[in-house]
Amino acid sequence: MSNSEYYTCEIVKIIDLAPNVKSFHIRYPHPVEFQSGQFVIIDFGTLNHQFPTRSYSIADSIDPFTIELCVVLKEEGAATPKLFNQNLGEKLKVSIPQGRFVLPETLHPDVTVGFICTGTGVAPF
């Protein structure tokens, strides 16, 4: 699947985690699988920017149809203010999970893995 293919997904839950951080539960019309480290692309249609899409890391899987995005508001941003103004039941154009920033299926016992991240600071890592 290419980045240009999207599904109409529904916002089924919004949780205010902090004044500038929200959790969005996004429901697909079909089961969707992801690996930790992957992301989805949301096509906003039009933004005050040359690109109408933004990528968001997946924080968790709620059920086979629903993923969680944990998003920090960038007040001067083109996309997050628009996302933060969405309501329950609204539809978004969302890609399937993408990306290869994932752990290999098997790791040698002598391998040490370190994790460093930026972002909300409250999403699972």
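Relevant structure appears above.
Residues numbered from 1 in each chain as written. Predicted model: local features only at pLDDT ≥ 70, side-chain atom pairs only at ≥ 80, totals over all residues. Heavy atoms only, no water.

> Just checking my understanding: could you explain the environment of Ile 15 for this structure?
Within the secondary structure layout, Ile 15 lies in strand S1 (residues 7–18). In this structure, Ile 15 is in contact with Val 21, Lys 22, Ser 23 and His 25, ignoring residues within four places of it in sequence. (Helix = DSSP H or I, 4+ residues; strand = E, 2+ residues; numbered from the N terminus. Contact = heavy atoms within 4.5 Å.)

> Please clarify how the pattern of salt bridges should be interpreted in this entry.
Pairing between side chains of opposite charge can happen when the charged atoms of each approach one another. For the coordinates displayed, the defined rule picks out four salt bridges. Of the charged contacts in the structure, one is a salt bridge between Lys 91 and Glu 10, with a shortest N-O distance of 3.5 Å. Placement of the pair is Lys 91 in strand S6 (residues 91–94) and Glu 10 in strand S1, with a sequence separation of 81 residues. The partner of Lys 22 in a salt bridge is Asp 16, and the shortest N-O contact between them spans 3.8 Å. (Salt bridge = Lys/Arg side-chain N within 4 Å of Asp/Glu carboxyl O.)

> What is the right way to look at the sheet that holds S6 in this model?
Hydrogen bonds between backbone groups are what pair the strands of a sheet, and the pairing can be parallel or antiparallel. Taken in spatial order, the six strands close into a barrel running S1-S2-S5-S4-S3-S6, and their pairing is antiparallel. The average angle at which neighbouring strand axes cross in this sheet is 50°, direction not considered. Bridge analysis of S1 against strand S2 (residues 21–27) gives seven bridges, and the strand direction is antiparallel. Residue Asp 16 lies in a different strand from S2, and its bridge partner there is Lys 22. (Pairing = 2+ DSSP bridges. Axes fitted to C-alpha atoms, helices over the stretch in contact; angles between N-to-C directions.)

> Whenever I open this one, the nonpolar core confuses me. Can you help?
Most often, soluble globular proteins have nonpolar side chains that are buried together. Judged by nonpolar contacts, the single largest core of 20 residues is most densely connected at Ile 26, Tyr 56, Ile 67, Leu 69 and Val 94. Counting residues per element, the ones that place at least two in this core are S1, S2, strand S3 (39–43), strand S4 (53–63), strand S5 (66–72), helix H1 (80–84) and S6. Sequence-distant contacts of Ile 26, that is, excluding residues within four places in its chain, are made with Cys 9, Glu 10, Ile 11, Phe 65, Thr 66, Ile 67, Leu 69, Leu 92 and Val 94. (Core = buried A, V, L, I, M, F, W, Y, C linked by side-chain atoms within 4.5 Å. Buried < 20%, exposed > 50% of the residue type's maximum accessible area, 1.4 Å probe, protein only.)

> I keep staring at the environment of Ile 67 and nothing clicks. Help me out?
Within the secondary structure, Ile 67 sits in strand S5. Judged by its relative accessible area of 1%, Ile 67 is buried. Separated by 43 residues in sequence, Ile 67 and Phe 24 place their C-alpha atoms 8.2 Å apart. Non-local contacts of Ile 67, meaning those with residues more than four positions away in its chain, are made with Phe 24, His 25, Ile 26, Tyr 28, Val 32, Val 40, Ile 58, Asp 60, Ser 61 and Ile 62.

> Even after reading the chapter, I still don't get the pairing of S3, so can you show me in this structure?
Regular strands place their side chains on alternate faces of the sheet. Judged by how many residues are buried, S3 sits mostly within the fold: four of five residues are covered. Sheet topology note: the S3/S4 ladder contains five bridges and is antiparallel. Residue pairing across strands places Asp 43 opposite Thr 53, the latter belonging to S4. Relative to S6, S3 runs antiparallel, the two being bridged by two bridges. Across the sheet, residue Asp 43 finds its bridge partner in S6, namely Lys 93.

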